[in-house]
Amino acid sequence: MSVKKDLLETLEKNRGKYCSGEELAQLFQVSRAAIWKAVGQLKQEGYEIKAVQNKGYFLEENCDLISEQGIRAALKEECQTIPIVIKKEMTSTNIEAKQAAALKPIHGMLFVAEQQTAGRGRRGRSFVTLKGKGIYMSLVLCPDVQSSDVIYLTTAASVAVVRAIQKLTGIETGIKWVNDIYKNGKKLCGILSEAVTDCESGQIDSIVVGIGINFSIDTQTIPEELKHIVTALYEEDKEDIKGITRNQLIAEVVNQMLSLCKELSSHSFITEYKEHSILLGKEIDVIDGENQKRAKAVDIDEQGGLVVEYPDGKRQILHTGEVSIRKCS
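Calculation criteria
Residues numbered from 1 in each chain as written. Predicted model: local features only at pLDDT ≥ 70, side-chain atom pairs only at ≥ 80, totals over all residues. Heavy atoms only, no water. Pairing = 2+ DSSP bridges. Helix = DSSP H or I, 4+ residues; strand = E, 2+ residues; numbered from the N terminus. Axes fitted to C-alpha atoms, helices over the stretch in contact; angles between N-to-C directions. Buried < 20%, exposed > 50% of the residue type's maximum accessible area, 1.4 Å probe, protein only. Arc of directions from axis to C-beta. Contact = heavy atoms within 4.5 Å. Polar contact = N/O pair within 3.5 Å; in protein donor to acceptor, adjacent residues only side chain to side chain.

Engineer: Outline the pairing of strand β8 (residues 186-197), supporting the account with residue identities and numerical values.
Structural biologist: Two strands pair when backbone bridges link them, and strand β7 (residues 180-183) and β8 are joined in this way by four bridges, in the antiparallel orientation. Counted as the bridge partner of Lys183 is Lys186 from β8. Here β8 runs beside strand β9 (residues 204-217); their pairing, made up of nine bridges, is antiparallel. Of the residues in β9, the one forming a bridge with Ile191 is Ile211.

Engineer: Quick rundown of the sheet that holds strand β11 (residues 283-288)? Include the residues and the values.
Structural biologist: Each strand in a sheet pairs with another by means of backbone hydrogen bonds, the pair being arranged parallel or else antiparallel. Read from one edge to the other, the open sheet built from five strands follows the order β14-β13-β12-β11-β15, with strand pairing classed as antiparallel. Of all strands in the sheet, those with a lone pairing partner are β14 (315-318) and β15 (322-325), marking the two edges. Taking the axes of each pair of neighbouring strands and ignoring which way they run, one obtains an average angle of 45° across the sheet. As paired strands, β11 and β15 are joined by four bridges and run antiparallel to one another. When the bridges of β15 are listed, Ile284 appears paired with Ile325.

Engineer: Which residues make up helix α2 (residues 21-28), and what values do they have?
Structural biologist: Within the sequence span of α2, burial applies to Gly21, Leu24, Ala25 and Phe28. One side of α2 holds all its buried residues, which, seen down the axis, span an arc of 100°. Among the exposed residues of α2, those pointing more than 90 degrees away from its buried face are Glu23, Gln26 and Leu27. Looking at the packing, one finds that the buried side of α2 touches α1 (3-13), α3 (32-44) and β2 (56-59). Backbone nitrogen of Glu22 and a side-chain oxygen of the N-cap are separated by 3.3 Å at the start of α2; the cap is Ser20.

Structural data, given as structure tokens:
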């Protein structure tokens with residue numbers, strides 16, 4: 001790596017702590033002038049680096065630029081070799097991940113964008129990007145499991161996000177079947193899984209899991225029609241104290257997701273998925289095109305299907321589709 005990249009990785013690993021210029025020069029076997037030059041380059045890119053004589057340099061804790069070095073600094077050792085692609089702008093992280101996977105799928109390959117111009121949600125809907133700091137990431141997954149177990153990846157991704165948020169922030173979130181994460185009754189995160197198939201065999205080569213998280217936002221910028229629907233982890237105008245960065249959360253989601261891939265065959269995370277469900281016991285509408293059916297969410301089965309009971313007592317297991325919680329009248 002270059003001096004700049006080496007320096008950024010070291011500062012990320014020691015975020016908020018001083019790193020001696022002399023020790024950095026010895027570590028990278030370069031001159032103090034080279035360290036000073038690299039610091040200047042990083043500052044030009046927007047990194048908030050403080051320099052104090054006789055102490056050294058440190059990266060401000062509130063500096064929140066997404067970088068490969070920042071992500072790798074928080075990845076587990078067994079995840080360190082995954083390829084990481086970061087761009088300021090992508091049409092969609094899922095689109096770029098699928099294109100790469102079609103050429104050469106690599107388990108754990110990560111795509112991250114500061115901004116998406118054509119992000120998509122389920123059923124081809126556009127993915128609403130709020131003005132603020134978001135996380136837009138996609139993972140290429142090639143788990144060594146039977147094809148019948150691949151369907152659990154979306155369920156596993158939901159658990160991975162809930163685990164990562166709770167571990168780093170202590171914030172409790174819930175899962176709205178199938179793949180949305182909610183905080184205090186509002187949508188915080190959307191997940192979209194898409195298969196990449198081999199053109200000749202028609203077999204699934206890999207799965208791309210796209211994850212969009214509203215990380216921080218000024219609530220005053222949320223459009224009026226969305227204020228009762230969406231939220232973010234942190235509200236900047238209320239001076240929320242984050243204590244973590246987007247790099248750290250991205251890395252922890254990856255850590256959790258790759259760990260859960262090893263549990264796909266056992267389905268051991270289904271219990272955790274159920275525990276975080278915000279639907280169970282609630283009156284819901286089962287949406288099928290233009291039609292809506294009133295039902296009650298009574299269970300989630302071992303395959304991740306939602307068990308619903310209709311007013312006539314009949315039950316159905318939903319494996320795909322859309323539901324909404326009924327408002328109290």
